[in-house]
Amino acid sequence: MSLQTPLNRVRGLGSAKEGTDHFWRQRLTAIANIPLMLFLVWTVLTTFGAPYEQVRATLASPFTAIAFVLLALSGAIHMRLGMQTIIEDYVPAEGPKLVLLILNTFFAILIALTAVYAVLKLTLGG
Amino acid sequence: MASSAKRAERPLSPHLQVHALPINMLMSIIHRITGAALYLGSALLVWWLVAAASGEAAYNAAAGFFSSWFGMLIMLGYCWALMHHMFGGIRHFIWDVGAGFELGTVDRLAWGTLAASLGATVLLCFVAFAGGGS
């Protein structure tokens with residue numbers, strides 16, 4: 001057991017270089033998510049039960065497509081940060097924690113890029 | 001320290017279970033649960049988008065699921081989770097600027113979050129059924 005104080009042990013090692021990044025990004029994406037998510041809810045509600053061609057036309061319109069791409073990116077960053085906090089809070093063992101944090105990042109990227117791909121395919125044709 | 005076989009019998013500080021679950025605490029837990037639910041449910045939204053991009057047959061399959069009673073239940077829950085997480089987030093923005101920390105205000109914000117999320121969900125349901133199917 002070291003007799004050094006915790007402060008003395010870390011002094012001189014430099015900062016983690018991240019500071020308030022997590023907090024700031026969480027808030028930034030939260031602000032962006034509000035209008036984007038409300039637009040998504042509105043889009044889903046107004047196309048619910050509509051025939052395919054109408055849904056396709058709605059999703060292919062530039063305004064909808066841009067909003068959905070922004071939401072996919074902002075939402076994925078937001079949910080990755082949130083799930084990271086949950087994992088760090090409840091999984092104390094280093095190994096499982098690391099695995100879950102990696103899977104968390106993969107899931108967020110998968111969700112974001114799949115959504116972006118689908119929207120681009122709808123709006124740019126193909 | 002942690003390896004000492006015999007631990008001294010010291011009094012423990014009160015933990016979660018001694019508190020009578022204040023509304024603020026409950027809303028904090030629900031904020032986290034709704035966040036996790038939205039996380040998992042994002043896969044369903046992506047399924048809907050990919051189905052729409054894949055063609056009419058795939059879209060009709062997805063739309064069929066979402067218009068079944070089970071799909072509607074999921075959408076209702078997802079809608080409420082979105083609304084609750086949003087209002088809970090707005091509550092956090094109020095705290096972020098250093099406001100709303102008085103005990104009475106904290107309770108009112110917590111109840112307000114719940115009331116707003118339930119109200120918004122009912123309103124959205126009404127909009128869905130009044131204007132839906134068009």
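The structure we're discussing is the one just above.
What you see is a predicted model; the values in this text were computed from it and never measured.

Undergrad: How should I be thinking about the overall build of chain A in this particular structure?
TA: Across its full length, chain A carries 5 helices and 0 strands. Computed over its C-alpha atoms, the radius of gyration of chain A comes to 20 Å, more than 25% above the 14 Å expected for a compact globule of 126 residues. When its C-alpha atoms are laid out on the principal axes, chain A stretches across 70 × 25 × 25 Å. Looking at chain A as a whole, 21% of its 126 residues qualify as buried. Long-range contacts, defined as pairs at least 24 residues apart, comprise 71% of the intrachain contacts of chain A with a sequence gap of at least 6.

Undergrad: How should the overall build of chain B be read in this particular structure?
TA: The number of helices and strands found in chain B is 4 helices and 0 strands. Put simply, chain B runs from its N terminus to its C terminus through helices and strands in the order α-α-α-α. On C-alpha atoms alone, chain B measures out to a radius of gyration of 21 Å, which is more than a quarter above the 14 Å that the 2.2 N^0.38 rule sets for 134 residues. With respect to the three principal axes, the spread of C-alpha positions in chain B is 70 × 40 × 25 Å. When the 134 residues of chain B are sorted by exposure, 24% land in the buried category. Taking all contacts inside chain B whose residues are at least 6 apart in sequence as the whole, residues at least 24 apart take part in 68%.

Undergrad: Would you take a moment to explain the nonpolar core for this structure?
TA: Grouped burial of nonpolar side chains is what soluble globular proteins tend to show. Membership of the largest hydrophobic core comes to 34 residues, with the highest contact counts inside it found for A:A115, A:V119, B:L49 and B:A52. Elements that contribute at least two residues to this core include exactly α3 (52-60), α4 (62-90) and α5 (94-124) of chain A together with α1 (23-54), α2 (56-66) and α3 (69-96) of chain B. Not counting residues within four places of it along the chain, the set of residues in contact with A:V119 comprises A:L59, A:A65, A:F68, A:V69 and B:L49.

Undergrad: Help me understand the packing of α1(B) against α2(B) in this model?
TA: All names here are of chain B. Closest axis-to-axis distance for the α1/α2 pair is 6 Å, and the angle between their directions is 150 degrees. The angle between α1 and α2 falls in the class roughly antiparallel. As for the relative orientation of α1 and α2, their crossing is left-handed in sense. Touching W47, W48, A51, A52 and S54 of α1 are A58, Y59, A61 and A62, all from α2. A per-class count over the contact of α1 with α2 returns 8 nonpolar, 1 polar and no charged.

Undergrad: How should I be thinking about the interface of chain B and chain A in this particular structure?
TA: Often the size quoted for an interface is simply the accessible area lost on bringing the parts together. At the interface, 29 residues of chain B touch 27 residues of chain A. Put simply, the parts of the chain that give the side of chain B that touches chain A at least two residues each are α1, α2, α3 and α4 (103-131) of chain B. Its residues placed into classes, the side of chain B that touches chain A shows 17 nonpolar, 9 polar and 3 charged.

Undergrad: Is there a simple way to think about the environment of A:M83 in this case?
TA: Residue placement: A:M83 occurs in helix α4. The exposure class assigned to A:M83 is buried, which follows from the 21 C-beta atoms found within 10 Å. As for A:M83 and A:L101, which are separated by 18 residues in sequence, their C-alpha atoms are 8.4 Å apart. Residues in contact with A:M83, not counting those within four places in the same chain, are A:N104 and B:Y39.

Undergrad: It is not clear to me how the packing of α4(A) against α5(A) should be interpreted in this structure. Could you clarify?
TA: Describing two packed helices takes the angle between their axes plus the distance from one axis to the other. All names here are of chain A. Orientation of α4 relative to α5, taken along the N-to-C sense of each, is 175 degrees, at an axis distance of 9 Å. Classified by the angle their axes make, α4 and α5 are roughly antiparallel. Considering only residue class, the contact of α4 with α5 consists of 19 nonpolar, 4 polar and 3 charged.

Undergrad: Just to check I follow, could you spell out the environment of A:T123 for this structure?
TA: Within the secondary structure layout, A:T123 lies in helix α5. Once residues within four sequence positions are removed from consideration, A:T123 is found in contact with A:A60, A:P62 and A:A65.

Undergrad: Is there a simple way to explain α4(A) in this structure?
TA: Note: α-helices contain 3.6 residues per turn, so residues at a spacing of three or four share the same orientation. Here α4(A) spans 42 Å end to end across 29 residues, near enough to the 42 Å set by a 1.5 Å rise per residue. Residues of α4(A) that are buried include every one of A:F68, A:L71, A:A72, A:S74, A:G75, A:A76, A:H78, A:M79, A:R80, A:G82 and A:M83, and no others. Buried residues belonging to α4(A) abut α2 (21-47) and α5 of chain A together with α1 of chain B.

Rules used throughout
Residues numbered from 1 in each chain as written. Chains lettered and ligands numbered in written order. Predicted model: local features only at pLDDT ≥ 70, side-chain atom pairs only at ≥ 80, totals over all residues. Helix = DSSP H or I, 4+ residues; strand = E, 2+ residues; numbered from the N terminus. Rg over C-alpha atoms; globule rule 2.2 N^0.38 Å. Buried ≥ 20, exposed ≤ 12 C-beta atoms within 10 Å, placed from the backbone. Contact = placed C-beta atoms within 7 Å. Core = buried A, V, L, I, M, F, W, Y, C linked by C-beta atoms within 7 Å. Axes fitted to C-alpha atoms, helices over the stretch in contact; angles between N-to-C directions. Parallel < 35°, antiparallel > 145°, perpendicular 65-115°, else oblique. Left-handed = near helix turned anticlockwise from the far one by under 90°. Nonpolar A, V, L, I, M, F, W, Y, C, P; charged D, E, K, R; others polar. Expected span 1.5 Å × (residues − 1).

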